[in-house]
Amino acid sequence: MSNINLIMYNTILVVVLLHSIGFCYAGQLRLPDGVITETVVAGNVIEVSLASLRPTQSVIAHEQVNYRLALYRDSRQQMFADLCKNAGWGLQVSFTGQSVANNADSYVCTDAGSNTRNIKQLKTVVVGADNQLYLTDGHHAFSAFYDMPQGGPELKVTVLVQAKLEVPESAAFWQQMERKGNAWLYDAEGRQISYQALPTSLGRAHLQNDPYRAALYFLRDGVWAKPKPAIPFVEFYWAQYLRTHSELQFPGYYSAAEYLQWLERIHSHLLHLNKDSIIFGDFTAEKLGWQGKADYARLDQLLCHRKPKEHNWGPLGIALSQRGVPLQCDKRQYLDRAKLATGLQQLPPAINTDGSVNVLIEITAGSNAKWQQNKAAPLQLEWEQQQGKLRQIDYLAYPANYGIVSNTLLAKERGGDGDPLDVLVLGQALPQGTVQQVRIVAVMRMLDNGEQDDKLLAVPLSGVFSEITDLAELQHQFPGVTEQLQLWFEHYKGATGNISVQRIDGAATAIELLKASQL
């Protein structure tokens, strides 16, 4: 055989082999659907359908996916740009009215072919001994592609082969995947699961929702940021920590305002950690990206972006709109105020027949956001504004639950401020917007700019402080508590504040004041 014929023969052979497994172009290997060949190795860039990718976690943050889906619903530009970016070609794209996401030939990623593909933008997979592709990054992005109207399981995506793990025995394979940070074997409640319980498809119908993971998404780059170098599943580490705190329990999707209040409580909690706080395993807060700085500006814009002439939804508002949660931005914070979680048609009387007192919790212990009863709508709360801005306490968070005794009034003719009686409920954080039955044990006599502003001190009927009946017992069993409260109130308004605690009286005086203030 001549050299020319030999070259032609070898060329034909190579072409036949490439067609038998797919074909290479610009460093990318395109594979037939459902077939992963033994030739795929670490470092390959491959194009596959979403259906061929197996999740390595059972949960995602549905709100993060909802946010992308809402963007795609309102902007085809955003949808095509994300498709290009996730293929490693950046955000520049050209498309027409006939372009569709599930036909890559109908739109053009501007940088494709002219520039080098950005490998860092690609999601990653591990190839198992069974030649199955296991997705190790991109569950949220690809679930959005899976769930969008022009997406679905047959949509083609580009991924980078991170490794090929030749471990035939399943249990050993998943042990290695976990050890290398490539699998998260926990459910939406934070309970450990077996690898057999992992879903086989992407999308919100298959991957459970972890709202705590979503909270970390909305608060990212403020009170915390992704550490560098990256730590796999860092958001889930934080989520596992948050879900163990009763005062941070997820309230559900009943109200946009209530959801935001929940994020405020998480923000406040994270703000008051220290760098050495243990979060998950041996990881400290600092190692997991804790920055320890307040980010009230981000909280202020999460639901609504307020501008001089218009008000648009923020990222949280966009995400919640995908669920149909009512939300309308206006010159206040939002029309959807925090409705009380009790379902009451009217607030109960101040004192119950058993002597307990009804307190509406306006501010949860540990929060910095200043919420109050809406005087025009007593069954709702509103975020107080001061000089046109949502009011935040620029000091340590509230040391106790703060609220009012329902159906009371500290009348101005009696030296009061014309508002319901304020009350501090000691103990663990209580849900905002709920009515709690408490026992009054003391009253802190205060002046705020010369105006009487007394604060009743109360204890819940169960829990650490529940056995306390009077001031003397409180000071004996919990020394320093009243001094801490006094110190906090005299300083929380800063240098401009003019608050003085004159004295603290016992239960008899407190109840006398309460009875005199009943409506």
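What counts as what
- Residues numbered from 1 in each chain as written.
- Predicted model: local features only at pLDDT ≥ 70, side-chain atom pairs only at ≥ 80, totals over all residues.
- Heavy atoms only, no water.
- Helix = DSSP H or I, 4+ residues; strand = E, 2+ residues; numbered from the N terminus.
- Buried < 20%, exposed > 50% of the residue type's maximum accessible area, 1.4 Å probe, protein only.
- Contact = heavy atoms within 4.5 Å.
- Areas by Shrake-Rupley, 256 points an atom, 1.4 Å probe, with all protein chains shown as cover.
- Pairing = 2+ DSSP bridges.
- Polar contact = N/O pair within 3.5 Å; in protein donor to acceptor, adjacent residues only side chain to side chain.
- Phe/Tyr/Trp six-rings, centres within 6.5 Å; stacked < 30°, edge-to-face > 60°.
- Axes fitted to C-alpha atoms, helices over the stretch in contact; angles between N-to-C directions.
- Parallel < 35°, antiparallel > 145°, perpendicular 65-115°, else oblique.
- Nonpolar A, V, L, I, M, F, W, Y, C, P; charged D, E, K, R; others polar.
- Salt bridge = Lys/Arg side-chain N within 4 Å of Asp/Glu carboxyl O.
- Core = buried A, V, L, I, M, F, W, Y, C linked by side-chain atoms within 4.5 Å.
- 1 Å grid on protein atoms, 1.4 Å probe; cavity = no way out; pocket = protein on both sides within 12 Å on 5 of 7 lines; lining within 4 Å.
- Points joined across faces, edges and corners; volume = space filled by probe spheres on them.
- pLDDT = per-residue confidence, 0-100.

*Asks:* I'd like to hear about the overall build of the protein chain, residue by residue, with values.
*Replies:* Counting secondary structure elements, the protein chain contains 13 helices and 27 strands. Within the protein chain, the fraction of its 519 residues that count as buried is 54%. Long-range contacts, defined here as pairs at least 24 residues apart, represent 67% of the contacts in the protein chain between residues at least 6 apart. Accessible surface computed for the protein chain: about 24,400 Å², of which carbon and sulfur atoms make up 51%.

*Asks:* So what's going on with helix α10 (residues 315-323)? Which residues, and what values?
*Replies:* Within the sequence span of α10, burial applies to Leu-316, Gly-317, Ile-318, Ala-319, Leu-320 and Ser-321. With its phi angle positive at about 85°, Gly-324 sits one or two positions after the end of α10.

*Asks:* Before we move on, can you summarise unusual backbone geometry with the specific residues and values?
*Replies:* A cis geometry characterises the amide bond from Lys-228 onward to Pro-229, with omega recorded as 0°. Residue placement: Pro-229 occurs in the loop between α6 (211-219) and α7 (234-242). The backbone phi angle of Asn-131 is positive, close to 65°, even though this residue is not glycine. Note on placement: Asn-131 falls in the loop between β8 (123-128) and β9 (133-135). When its relative accessible area of 19% is taken as the criterion, Asn-131 is described as buried. Positive phi outside glycine occurs at Asn-407, with the angle close to 55°. Along the chain, the position of Asn-407 falls in the loop between β22 (401-405) and β23 (422-425).

*Asks:* Account for the pairing of strand β26 (residues 455-460), with residues named and values stated.
*Replies:* In terms of residue burial, β26 counts as a mostly covered element, since six of its six residues are buried. For strand β24 (residues 435-448) and β26, the ladder comprises six bridges, and the chain directions are antiparallel. Residue pairing in the sheet places Met-444 in a bridge with Lys-455 of β26.

*Asks:* Give me the lowdown on the side chain of Ser-52, citing residues and values where you can.
*Replies:* Along the chain, Ser-52 turns up in the loop between β3 (45-49) and β4 (53-54). One polar contact links the side chain of Ser-52 to the main-chain carbonyl oxygen of Ser-49, over a distance of 2.7 Å. Among all residues touching Ser-52, those that are not within four sequence positions of it are Gln-132 and Leu-133.

*Asks:* Which residues make up the packing of aromatic side chains, and what values do they have?
*Replies:* This model, assessed by the stated rule, comprises 34 aromatic pairs. Relative to Tyr-253, the ring of Phe-250 has its centre 5.0 Å away and its plane inclined at 70°; by these criteria the two rings are edge-to-face. Between the aromatic rings of Tyr-395 and Trp-488, the centroid separation amounts to 6.3 Å while the plane-to-plane angle is 55°, which identifies the pairing as tilted. You can see Tyr-395 sitting in the loop between β21 (389-390) and β22 and its partner Trp-488 sitting in helix α12 (residues 481-491), a full 93 residues away along the chain.

*Asks:* Outline α6, listing residues and values.
*Replies:* It helps to recall that an α-helix has 3.6 residues per turn; residues three or four apart then point in one direction. The element α6 is extensively covered by neighbouring structure, given that nine of its nine residues are classed as buried. By the burial criterion, the buried members of α6 are Pro-211, Tyr-212, Arg-213, Ala-214, Ala-215, Leu-216, Tyr-217, Phe-218 and Leu-219. Between the side-chain oxygen of the N-cap and the backbone nitrogen of Tyr-212 there are 3.0 Å, and the N-cap of α6 in question is Asp-210. Residue Asp-221 follows α6 closely and has a positive phi angle near 70°.

*Asks:* Go over the packing of helix α2 (residues 62-74) against α10 with me, naming the residues and quoting the values.
*Replies:* Running from N to C, α2 and α10 point in directions that differ by 90°, and their axes come no closer than 8 Å. By the criterion of interaxial angle, the relationship of α2 to α10 is roughly perpendicular. Two secondary-structure elements touch here, α2 through His-62, Glu-63, Asn-66, Tyr-67, Leu-69, Ala-70, Leu-71 and Arg-73 and α10 through Pro-315, Ile-318, Ala-319, Leu-320, Ser-321, Gln-322 and Arg-323. For the contact of α2 with α10, the class distribution of residues is eight nonpolar, four polar and three charged.

*Asks:* Explain the pattern of salt bridges residue by residue, including any values.
*Replies:* For side chains of opposite charge, pairing can occur when their charged atoms come near one another. Applying the stated criterion across every chain, the model contains 20 salt bridges. Across the pair Arg-220 and Glu-235 runs a salt bridge, and its minimum N-O distance is 3.7 Å. In this pair, Arg-220 is assigned in the loop between α6 and α7 and Glu-235 in helix α7, connecting sequence segments 15 residues apart. Judged by relative accessible area, Arg-220 falls into the partly exposed class, the value being 22%.

*Asks:* Lay out the nonpolar core in plain terms, naming residues and giving numbers.
*Replies:* Of all hydrophobic cores here, the largest spans 121 residues; its most connected members are Leu-53 and Trp-238. Of the residues forming this core, the biggest block, eight residues, is contributed by helix α8 (residues 256-271). Leave out the neighbours within four places in its chain, and Trp-238 touches Leu-216, Trp-224, Leu-270, Leu-273, Ile-279, Ala-285, Leu-288 and Trp-290. Ranked by size, the runner-up nonpolar core spans 18 residues in total, among them Ala-350, Val-357, Val-423 and Ala-510.

*Asks:* Before we move on, can you summarise the layout of surface pockets with the specific residues and values?
*Replies:* Taken as a whole, the largest pocket encloses approximately 1,300 Å³ of empty space. Lining the largest pocket are 39 residues, and of these Lys-123, Asp-137, Gly-138, Arg-220 and Lys-226 sit closest to its centre. The set of elements that each furnish at least two residues to the lining of the largest pocket consists of α2, α3 (76-85), β8, α4 (139-147), α6 and α7. When its residues are assigned to classes, the lining of the largest pocket shows 14 nonpolar, 13 polar and twelve charged.

*Asks:* Can you lay out the confidence of the model for the protein chain for me, pointing to particular residues and giving the numbers?
*Replies:* Looking at the protein chain, pLDDT values average 86 and 87% of them are 70 or higher. Model confidence for the protein chain, summarised as mean pLDDT per element, is weakest for strand β1 (residues 23-25) at 36 and strongest for strand β5 (residues 59-60) at 98. Predicted confidence for residues 1-27 stays below pLDDT 50, and this span has 16 contacts to residues more than four positions away or in other chains. Long-range and interchain partners of residues 331-336, a stretch whose pLDDT sits below 50, account for 26 contacts in this model, where long-range means more than four residues apart.

*Asks:* So what's going on with the pairing of β22? Which residues, and what values?
*Replies:* Burial within β22 is extensive, with five of its five residues counted as buried. Here strand β17 (residues 357-363) runs beside β22; their pairing, made up of four bridges, is antiparallel. Paired with Leu-360 across the two strands is Ile-404, which belongs to β22. Bridge count between β22 and β23: four bridges; the pairing is antiparallel. From the neighbouring strand, Ile-404 faces β23, where its bridge partner is Asp-422.

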